[in-house]
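Here is what each chain is made of, one letter per residue.
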There are 2 protein chains.
Amino acid sequence: MTAPASTVEELTAQRDRARQDHADLVARGLRLDLTRGKPSPRQLDLAEDLLDAQAPAVSADGTDLRNYGGLQGLPELRAIFGDSLQVPVEQLLAAGNSSLELMHDALVFAQLGVVPGGERRWVDEPEIAFLCPVPGYDRHFALCERFGIRMIPVPMTAGGPDMDVVERLVAEDPRVKGIWCVPKYSNPDGTVYSDETVRRLAAMPTAARDFRIFWDNAYAVHHLGDEPAEIADLLGLCAEHGNPDRAFVFGSTSKITFAGGGVAFFGASPANVEWWLSCTAKRSIGPDKINQLRHVRFLRDAEGLREHMRRHAALLRPKFDAVDKILTSELGGTGLASWTSPAGGYFISLQVPEGCARAVVAKAKEAGINLTPAGATHPYGDDPADRVIRIAPTYPELPEVEQAIAALATCVRLVGTEKILADLNS
Amino acid sequence: MTAPASTVEELTAQRDRARQDHADLVARGLRLDLTRGKPSPRQLDLAEDLLDAQAPAVSADGTDLRNYGGLQGLPELRAIFGDSLQVPVEQLLAAGNSSLELMHDALVFAQLGVVPGGERRWVDEPEIAFLCPVPGYDRHFALCERFGIRMIPVPMTAGGPDMDVVERLVAEDPRVKGIWCVPKYSNPDGTVYSDETVRRLAAMPTAARDFRIFWDNAYAVHHLGDEPAEIADLLGLCAEHGNPDRAFVFGSTSKITFAGGGVAFFGASPANVEWWLSCTAKRSIGPDKINQLRHVRFLRDAEGLREHMRRHAALLRPKFDAVDKILTSELGGTGLASWTSPAGGYFISLQVPEGCARAVVAKAKEAGINLTPAGATHPYGDDPADRVIRIAPTYPELPEVEQAIAALATCVRLVGTEKILADLNS
């Protein structure tokens with residue numbers, strides 16, 4: 001490979017500057033963490049009233065919530081979340097404090113029982129597989145890996161997973177039993193599924209009669225801007241297209257009230273809900289209804305929920321703006337990186353030159369900046385192009401976000417220019 | 001069969017009186033429920049302070065409990081329960097609101113993963129079986145049934161399961177993977193396992209290398225009298241006898257604070273705990289630590305827990321005493337029934353003449369008294385002798401308990417005398 005001497009000289013100068021900047025960074029001894037999508041303490045403060053006195057613990061219909069029972073969860077709370085999760089209240093269940101638990105349990109129940117429409121337990125199949133749009137959420141992939149479910153990556157587009165690929169794979173292979181979807185402000189790209197993507201997911205023929213869409217609507221109300229994204233109604237479309245039992249919908253208040261003390265939701269068709277309750281009835285005599293009541297009293301109604309989320313947005317928007325601004329000023333026009341500017345959710349996805357993501361994360365670590373491991377956004381931790389870095393700007397305070405992103409940009413400049421120079425010399 | 005005419009006449013008179021009493025009962029149109037072991041509203045009132053303001057939600061070591069993390073549960077809470085559950089604090093985990101969930105999940109994790117000491121997943125075994133001391137807890141049996149685990153009944157003795165039977169079955173059959181135990185104030189007999197029983201359980205050779213004791217210590221601190229029962233330290237004895245990984249210990253605050261908003265516990269050997277955490281780490285980013293903190297602040301310490309349980313006992317003892325008194329006055333000396341007088345727990349077990357339990361429950365239902373179905377105390381709902389009726393006196397207020405037990409006694413007299421007369425005539 002050859003290049004004009006002036007370009008090589010320029011690149012070399014850029015690399016040398018980046019090396020010096022990185023050395024200075026390391027010398028500063030920063031300790032910053034951009035790894036996980038945790039709410040910040042100031043966001044948690046927004047829900048502090050949730051801790052207040054809540055007696056009497058009685059539901060609208062007079063039920064004593066302190067006692068056993070109520071497997072479906074508190075109807076008043078389900079009513080608040082029905083619209084935003086796009087699930088009719090009678091098909092929406094309120095559970096414990098983690099939607100990840102519900103996704104895990106859905107896989108367990110499908111492995112050890114027979115889902116509606118299925119012919120046998122998934123453990124009795126020689127092999128099963130899930131489609132995994134990439135980049136995606138590492139904890140989804142970890143669940144598949146734990147249960148020996150083969151993962152098939154599917155590329156993401158601006159409107160969601162590449163549906164040509166999805167439709168082909170599910171049509172031809174009965175071992176493909178499911179797909180992971182984060183349909184709104186996806187983790188980590190911030191992608192909002194287009195109406196056409198949702199419609200095609202609902203309508204596509206599948207070789208497996210017990211195919212399921214794991215619809216992790218984790219960021220249903222987590223808008224950053226003034227125009228909340230709307231997605232099509234998956235459950236309704238599934239029913240309309242003759243596949244009523246295709247979708248499992250998940251949601252939670254983990255990033256609404258308290259990540260360590262919220263409520264999770266499961267929604268699906270009537271047949272799926274009946275099946276789910278037949279499984280959970282053996283497991284529990286009911287969820288923590290008192291915590292659900294606290295949420296009802298704190299959020300009040302759907303408008304109260306929206307209002308509360310606007311307060312979150314007011315705290316989060318400056319952080320997302322800062323990331324975009326710093327990346328633009330440090331890396332804009334260099335050709336060394338591109339990144340997403342999501343309108344909601346918890347993450348920004350940074351794309352670096354092929355083969356550079358791991359090296360950038362390693363260089364950042366040397367400078368005290370902890371990033372999610374490169375590859376975590378892909379099944380088996382393997383991003384074949386080694387390009388994607390997930391940025392989680394929500395937890396640190398704004399000055400720390402700024403420091404960390406500036407440092408990250410330095411690492412991208414260093415690794416990127418070194419890579420180009422090495423390519424030129426090879 | 002023959003009998004002196006005087007006896008037949010006497011029995012006939014008793015039966016006729018019982019028939020009249022039952023007809024009167026039916027006419028009264030009672031609506032009473034003795035089915036489930038729920039705490040009464042007055043017991044729940046004892047924990048009302050649990051609802052009070054709890055800010056700031058910070059643990060002793062400064063952790064912000066509102067956020068993600070802390071998979072093992074709050075150390076301060078585990079410290080309060082370590083002694084009563086006989087589990088070292090570092091081997092005790094605090095989880096969600098239901099110990100039944102943890103037992104379910106233990107079976108799931110063992111089916112879909114390999115427990116320490118095991119060679120393969122339980123789903124990959126052609127068949128597995130659990131020993132079920134009878135009478136026992138219907139929800140244990142329901143879990144086995146759900147997962148296709150064959151249940152082998154083992155008779156209870158005054159000191160726990162008949163260990164000669166247990167030792168023989170586990171020694172000869174590698175398919176026997178576990179045993180259900182409620183070691184203190186067992187459901188429904190109120191039996192307290194003797195030290196010798198616990199020692200033999202810990203020491204016995206088992207054909208299955210991955211044999212597990214499911215030690216549901218549901219009533220660890222639920223004493224009725226002034227002399228709390230003590231049981232031997234199963235975990236310690238297992239370790240001592242070279243079987244450190246044999247026991248899974250379960251407990252909860254469901255019948256201490258709120259049945260609908262408590263905390264459950266899992267305790268085991270270090271290897272088991274590590275295995276458990278490797279399973280749950282995929283399922284959740286941590287339990288509801290705020291509810292755990294509420295429990296710490298409410299119970300304060302082990303002495304606070306004991307004090308709180310004495311208040312429960314003060315509410316429960318009169319109900320248990322009333323059952324014993326009414327059964328003695330109505331059925332004592334008739335030879336028609338025997339019953340347990342437990343020193344703790346939630347249940348009384350009533351034994352009626354062979355072949356009569358279902359009929360008694362049916363007659364009670366006619367009179368508006370709802371009892372746990374006869375047979376529920378046995379695997380597959382089948383009490384072969386049709387003798388055992390579980391009485392749950394905790395939930396109704398005292399006058400209702402008295403009414404219901406008097407009515408139950410009438411039904412026993414009716415069905416019992418009819419049965420004896422029928423036997424005489426056959």
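Residues numbered from 1 in each chain as written. Chains lettered and ligands numbered in written order. Predicted model: local features only at pLDDT ≥ 70, side-chain atom pairs only at ≥ 80, totals over all residues. Heavy atoms only, no water.

(A) The pattern of salt bridges, seen in detail. As enumerated under the stated definition, the model contains 60 salt bridges over all chains in all. A salt bridge links A:Asp173 to A:Arg175; the shortest N-O distance between them is 3.1 Å. Judged by its relative accessible area of 12%, A:Asp173 is buried. Salt-bridge contacts for B:Lys177 lead to B:Glu125; the nearest nitrogen and oxygen are separated by 3.4 Å. With a gap of 52 residues between them, B:Lys177 in strand S6 (residues 176-181) and B:Glu125 in the loop between helix H4 (99-112) and strand S3 (129-134) connect regions that are remote in the sequence. Classification of B:Glu125 by relative accessible area gives buried; the value is 17%. Taken together, the shared-partner salt bridges connect A:Glu101, A:Asp105, A:Arg283, B:Glu101, B:Asp105 and B:Arg283 into one network. (Salt bridge = Lys/Arg side-chain N within 4 Å of Asp/Glu carboxyl O. Buried < 20%, exposed > 50% of the residue type's maximum accessible area, 1.4 Å probe, protein only. Helix = DSSP H or I, 4+ residues; strand = E, 2+ residues; numbered from the N terminus.)

(B) The arrangement of the packing of aromatic side chains in detail. Per the counting criterion, the structure on display carries 30 aromatic pairs over all chains. On the numbers, 5.5 Å between centres and 70° between planes, the contact of A:Phe214 with A:Phe248 is edge-to-face. One end of the pair, A:Phe214, is in strand S7 (residues 212-216); the other, A:Phe248, is in strand S8 (residues 247-252), with 34 residues separating them in the sequence. Using a relative accessible area of 0% as the deciding quantity, one classes A:Phe214 as buried. In this structure A:Phe248 comes out as buried when scored by relative accessible area, which is 0%. When the centroid spacing of 6.3 Å and the interplanar angle of 85° are considered together, the rings of B:Phe109 and B:Trp275 count as edge-to-face. Of the two residues, B:Phe109 sits in helix H4 while B:Trp275 sits in helix H9 (residues 270-283), which places them 166 residues apart along the sequence. Aromatic ring contacts, followed pair by pair, group A:Phe109, A:Trp122, A:Phe130, A:Trp180, A:Phe214, A:Phe248, A:Phe250, A:Phe266, A:Trp275 and A:Trp276 into a single cluster. Between A:Lys38 and the ring centre of A:Tyr395, over which it is positioned, the NZ or CZ distance is 4.8 Å. (Phe/Tyr/Trp six-rings, centres within 6.5 Å; stacked < 30°, edge-to-face > 60°. Lys NZ or Arg CZ within 6 Å of the ring centre and 35° of its normal.)

(C) Layout of the relation of the copies chain B and chain A. Under the fitted operation, chain B is carried onto chain A by 0.0 Å of movement along the axis and a turn of 180°, and the coordinates agree to an RMSD of 0.0 Å. On the angle and the small slide along the axis, the relation comes out as a two-fold axis. (Least-squares fit on C-alpha atoms with pLDDT ≥ 70 in both.)

(D) Spotlight on the interface of chain B and chain A. Between chain B and chain A, the residue contacts involve 56 residues of the former and 56 residues of the latter. In total, about 4,700 Å² of surface goes out of reach between chain B and chain A, with carbon and sulfur atoms giving 54% of it. Interface area lost by chain B to chain A is led by B:Arg66, B:Tyr68 and B:Arg283, which between them contribute 18%. Here A:Asp45 ties to B:Arg66 by a salt bridge, and the two come within 2.7 Å at their closest N and O atoms. Summed over the shared surface of chain B and chain A, the number is 22 residue pairs in polar contact (both at pLDDT 80 or more). (Contact = heavy atoms within 4.5 Å. Buried area = accessible area lost by both parts, 1.4 Å probe. Polar contact = N/O pair within 3.5 Å; in protein donor to acceptor, adjacent residues only side chain to side chain.)

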